[in-house]
Amino acid sequence: MSALTNLDQIVSCITGYDPEALPVDKALEVIDGLCAPVVEGLATERVAVREALGRILAQDLVSPIDVPSHDNAAMDGFAFDGSLLANAGEQVRLTVAGEAFAGRLFEGVCPPGSCIRIMTGAVMPKGCDTVIPQEFTERQGEEVVFLSRAVRQGDNRRLAGEDLTKGKAALGAGRMIRPADLGLAASLGYAELSVRRRLRVAFFSTGDELRSVGEPLDAGCVYDSNRYTIFGMLSQIGVDLVDMGVIPDDPQSLEQAFRQAASSADAIVTSGGVSVGEADFIKAMMSKLGDVTFWRIAMRPGRPMAFGRIWSGERVGQGDSAVLFGLPGNPVAVMVTFYIFVRHGLLTMMGAPNEQSMPMSAISDERIPKKPGRTEYRRGQLFVGADGRTFVRTTGGQGSGILRSMSDANCLVVLGHQTSVIEKGEPVMVLPFDGLV
Ligand code: AMP
Ligand code: MG
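Asks: I tried to follow the pairing of strand β26 (residues 411-415) on my own but got confused; where do I start?
Replies: Along any regular strand the residues' side chains alternate between the sheet's two faces. Within β26, five of the five residues are buried, which leaves the element mostly enclosed by the surrounding structure. Here β26 shows no split at all, with Cys411, Val413 and Leu415 on one side and Leu412 and Val414 on the other all buried. Direction of pairing for strand β24 (residues 375-384) relative to β26: antiparallel, over a ladder of five bridges. Bridging from a neighbouring strand, Arg379 pairs with Leu412 of β26. Examined bridge by bridge, β26 and strand β28 (residues 427-432) share four bridges and lie antiparallel to one another. Counted as the bridge partner of Leu412 is Leu431 from β28.

Written as structure tokens, this is what we have:
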């Protein structure tokens, strides 16, 4: 991987950096600092247009043609020279001199005082710049008659290049390809697109109390659910996955897992083991293998988190490296920190920093008390009220282990750092889950 910046260099540029009470936006700045350079080392590949769905465009897609390639009709009707409207009386009477269909040209020039019967999408005949829609006309033998005020010069004509202009970027590098983009690329005649290599992301859960599905649940144990939510969230970003299973809280197993992950992946997502009681031996290990910082983020849920870079070799700087997101253990904290930090970091590494989720505003359906000085994320349900406005309500138990209310939610309600209380009827920021594709 390319030349690396270290965490000390990054945080030295951030005013008010305090790892013990780090505001969400400062954490994002540090993540950007470490993740942004990664994209320079990321290879690109050419894939068939359909294979590019969900991938990140590596270069601007320049239009080799004008789309549409010719002026054409936007309606079924009759094409004529609109300049005649200036001197026309109340009624216009034109002789139908021919026909133009989509894919079948009218050859020649439309004679003065004539019009050409035309279908939507057909190339505008020479000598014509205006289309009078069929429904405004009356056919009288070889002629059509219409009111001159029913149309203005240039109406119902699409101009060549009005959709896409030859030589201009139709799609910008760094864009995550969506269905409309596939159609756009095809409309330019592209059979292949240049996209960035997929990121490889290794993930594992830590905890002696964790059992994998299919195993008996011993007393005091819980099933490992984080690996499933993390799998789902990573899949939606479109990365290659390396599932490393459950690793016990044992220094040797953990060190081996971290080193293996660093050698096989661009990024590592772990859950558990970063809370105060557990972090000590991980901290010791990280100072050997990595350039990792342990944060207490001013947010809820999801306060403890580790972030940095670790190496596969015996010590920092040796072997391959990967960016580490060490998430908390609680299932909802995992999801919230993933959506806010990991998704942000991975999209930045992929070269698609503008694909971050789009917050929107909704009206709170209830009073939401909150402590200022930290960002709080509540699980919410957006709905459209009888008056057509968008409202949000929270979905019950907000404990950081309660996945059920996450499952019931379709958005996160974001209560900003300084906010104290949101009263019923006040606007509040939400992050819809549907935007997190
Ligand atoms: P930790 O951060 O490791 O102290 O974990 C905090 C809480 O989250 C504990 O109650 C753990 O049992 C729980 N937890 C940790 N990892 C997982 C996991 N992979 N699946 C479900 N619960 C977990
Ligand atoms: Mg644990």
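Asks: Is there a simple way to think about the site of ligand 1 in this case?
Replies: Ligand 1 sits among 15 residues. The nearest are Glu209, Asp224, Ser225, Gly273 and Glu278. In this structure, Asp224 approaches ligand 1 through a side-chain N or O atom, which is 2.7 Å from a nitrogen atom. At a separation of 2.6 Å, an oxygen atom of ligand 1 approaches a polar side-chain atom of Glu278. Relative to its unbound accessible area of 480 Å², ligand 1 is 79% covered by the protein chains. Its residues placed into classes, the shell around ligand 1 shows three nonpolar, nine polar and three charged.

Rules used in this analysis
- Throughout this document, residue positions are counted from 1 along each chain, in the order its sequence is written.
- Each chain takes a letter, starting from A, and each ligand takes a number, starting from 1, following the order in which they are written.
- Under the rules for a predicted model, residues below a pLDDT of 70 receive no local features and side-chain atom pairs below 80 are neither given nor counted, while totals for whole chains, interfaces and linings still include all residues.
- To get the side-chain values, all heavy atoms of the structure are used, and hydrogens and water are removed first.
- Using a 1.4 Å probe on the protein chains alone, a residue whose accessible area is under 20% of its type maximum counts as buried, one over 50% counts as exposed, and one in between counts as partly exposed.
- Labels follow the DSSP assignment, with helices taken as runs of H or I lasting at least four residues and strands as runs of E lasting at least two, numbered in each case from the N terminus.
- In this analysis, strands are considered paired if DSSP registers two or more bridges between them.
- Nearness here has a simple test: a residue counts as near a molecule or strand if at least one of its heavy atoms is within 4 Å of that partner.
- Distance and chemistry together define a polar contact, namely a pair of N or O atoms within 3.5 Å, with one atom able to donate a hydrogen and the other to accept it when in protein, and with adjacent residues in sequence counting only for side-chain atoms on both sides.
- All accessible-area figures derive from a Shrake-Rupley calculation using a 1.4 Å probe, and residue coverage is judged against the displayed protein chains alone.
- Side-chain classes follow a simple rule in which Ala, Val, Leu, Ile, Met, Phe, Trp, Tyr, Cys and Pro form the nonpolar group, Asp, Glu, Lys and Arg form the charged group, and the remainder, Gly included, forms the polar group.

It is worth stressing that arrangement in space is one thing and function is another; only the former is reported here.
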